[in-house]
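# Geometric and topological summary
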Amino acid sequence: MKIAITGCNGGVGRRVVHWVLKEGHIAVGADCVTAQDTDFYNNPAFFFHPVDLKDFDATLKVFEGCDAIIQLAAFPHPMDYKTKVHNDNVVITWNVLRAAAELGINRVALASSVNVLRGVFSTEPVFHYFPIDENHPCEPDEPYGLSKLISEMQANTIVRRYPSMRVASIRIHMFVPTRARAYRQDYFRARGDLWGYVQMDSAADAFLRAVTVEMDHWTGHETFFITAPQLAADEDWLELKEKYFPNVPVKPGWVESGTKGFFDCSKAERLLGWVHTDYA
């Protein structure tokens, strides 16, 4: 399969390119910056296009001949909490989706984020229940999370008009090479992240599965939380929950099932066949 990866020179993009190539696909990289320290530039199955994805015509040209798109190009945090992160992220994602529709590319994965919730970038984290699943209310109060929520709305819009398209919004957590890298000393400050993470190769696996799994697994647009089941913390999740979120209810049966953690990623396992793996 010939797969376009936008934002290919970013932290997430590099791992996704490596994973795509490792699995035997052709990777078409697109980014507004050129990296000099990436070994996959010498891989004959990798093709790079410098492009400003805010330019629709240029975006359209890059994707010609591709079978699928993994859209990772975005600012990854709110920066100054003003306008640029929101505006650029929203325009880029719509250009990618609209270009896919124009070209008849029916397999698309978008990099969304756990920050569609009111989490670590918010004035105060707010969670309605645990474990968090894809039905949890999305109520961001900052421009990065809002841009990701809007990208999911864009996906809903595009598949209504182009029902042959299938779009997966991959809500990744803190993207790190190892669990140890996600540890923080200040548990109070980390509470907005729910002490979570995703190992970077496991996240790359989720993105690739989203565009390669059989088309009959689902239709339209679906969201997926992609997080590790274990925490980047030494305390048990229930101890942390009682200490920092004592009034947030836990769904019946979750504790009794022996499952641990603040997120329920069973939807990703059911539709993508994805289970978190600490590869390093």
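Just above sits the structure.
About the criteria used
Residues numbered from 1 in each chain as written. Predicted model: local features only at pLDDT ≥ 70, side-chain atom pairs only at ≥ 80, totals over all residues. Heavy atoms only, no water. Helix = DSSP H or I, 4+ residues; strand = E, 2+ residues; numbered from the N terminus. Contact = heavy atoms within 4.5 Å. Polar contact = N/O pair within 3.5 Å; in protein donor to acceptor, adjacent residues only side chain to side chain. Core = buried A, V, L, I, M, F, W, Y, C linked by side-chain atoms within 4.5 Å. Buried < 20%, exposed > 50% of the residue type's maximum accessible area, 1.4 Å probe, protein only. Arc of directions from axis to C-beta. 1 Å grid on protein atoms, 1.4 Å probe; cavity = no way out; pocket = protein on both sides within 12 Å on 5 of 7 lines; lining within 4 Å. Points joined across faces, edges and corners; volume = space filled by probe spheres on them. Axes fitted to C-alpha atoms, helices over the stretch in contact; angles between N-to-C directions. Parallel < 35°, antiparallel > 145°, perpendicular 65-115°, else oblique. Left-handed = near helix turned anticlockwise from the far one by under 90°. Nonpolar A, V, L, I, M, F, W, Y, C, P; charged D, E, K, R; others polar. Phe/Tyr/Trp six-rings, centres within 6.5 Å; stacked < 30°, edge-to-face > 60°. Lys NZ or Arg CZ within 6 Å of the ring centre and 35° of its normal.

### A short note on the environment of H25
- By the secondary structure assignment, H25 is in the loop between α1 (11–22) and β2 (26–31).
- In this structure, the C-alpha to C-alpha distance between H25 and M1, residues 24 residues apart in sequence, is 5.2 Å.
- Here H25 is in contact with M1, I3, V20, A45, L208 and T212, once residues within four sequence places are set aside.
- Looking at H25, its side chain comes within polar contact range of the main-chain nitrogen of M1, at 3.4 Å.

### Some remarks on the nonpolar core
- By size, the foremost hydrophobic cluster in this structure holds 58 residues, and its most contacted members are I5, I70, I170 and W195.
- Among the elements that make up this core, the one with the highest residue count is helix α6 (residues 200–212) (seven residues).
- Not counting the four nearest positions on each side in its chain, I70 is found in contact with I3, A4, I5, T6, V16, V20, A109, F207, L208 and V211.
- Grouped together as the second largest cluster of nonpolar side chains are 25 residues, L60, A155, V159 and M165 included.

### Notes on unusual backbone geometry
- The residue after F130, namely P131, is reached through a cis peptide bond having omega -5°.
- Mapped onto the elements, P131 comes out in the loop between β5 (107–113) and α4 (143–161).
- In this model, Y81 sits at a positive phi of 65°, which is unusual for a non-glycine residue.
- Looking at the secondary structure, you find Y81 in the loop between β4 (68–71) and α3 (84–103).
- A positive phi angle, near 55°, is found at L194, a position not held by glycine.

### A short note on helix α7 (residues 237–244)
- Looking at α7, one finds that the buried residues are W237, L240, K241 and Y244. Along the long axis of α7, the arc covered by the buried residues comes to 100°, so they all point the same way.
- At the N-terminal end of α7, a side-chain oxygen is found 2.9 Å from the backbone nitrogen of L238, two or three residues along, and the residue is D236.

### Topic: the layout of surface pockets
- Put simply, the largest pocket is a space of about 880 Å³.
- If you go around the largest pocket, you meet 38 residues; those closest to its centre are L72, A74, F75, P76 and H77.
- Elements with a contribution of two residues or more to the lining of the largest pocket: α1, α3, β5 and α4.
- Each pocket or cavity is described by its volume, and for the second largest pocket that value is around 210 Å³.
- As for the second largest pocket, its lining consists of 14 residues, and the residues nearest its centre are T227, P229, C265, S266 and E269.

### A look at the packing of α1 against α6
- At a minimum axis distance of 9 Å, the contact between α1 and α6 shows a crossing angle of 65°. Classified by the interaxial angle, the pair formed by α1 and α6 is roughly perpendicular. Remark: the crossing between α1 and α6 carries right-handed chirality. Between α1 and α6, the residues in contact are V12, R15, V16, W19 and V20 and M200, D201, A204, D205, F207 and L208, respectively.
- For the contact of α1 with α6, the per-class residue count stands at eight nonpolar, no polar and three charged.

### Some points on the side chain of E152
- Relative to the helices and strands, E152 resides in helix α4.
- Residue contacts for E152: discarding those within four places in its chain leaves S112, V116, S169, R171, H221 and T223.

### Looking at the packing of aromatic side chains
- One pass over the full model with this rule turns up 17 aromatic pairs.
- When the centroid spacing of 5.8 Å and the interplanar angle of 75° are considered together, the rings of F130 and F245 count as edge-to-face. On the criterion of sequence distance, the pair formed by F130 in the loop between β5 and α4 and F245 in the loop between α7 and α8 (266–272) is long-range, its members being 115 residues apart.
- Assessed through its relative accessible area of 7%, F245 is described here as buried.
- Centre to centre, the rings of W195 and F262 are 5.6 Å apart; their planes meet at 40°, and the pair counts as tilted. On the criterion of sequence distance, the pair formed by W195 in the loop between α5 (179–182) and β8 (198–199) and F262 in the loop between α7 and α8 is long-range, its members being 67 residues apart.
- Among the aromatic residues, those joined into a cluster by ring pairs are F127, F130, F188, W195, W237, Y244, F245 and F262.
- The side chain of K267 reaches across the aromatic face of F224, ending 5.2 Å from its centre.

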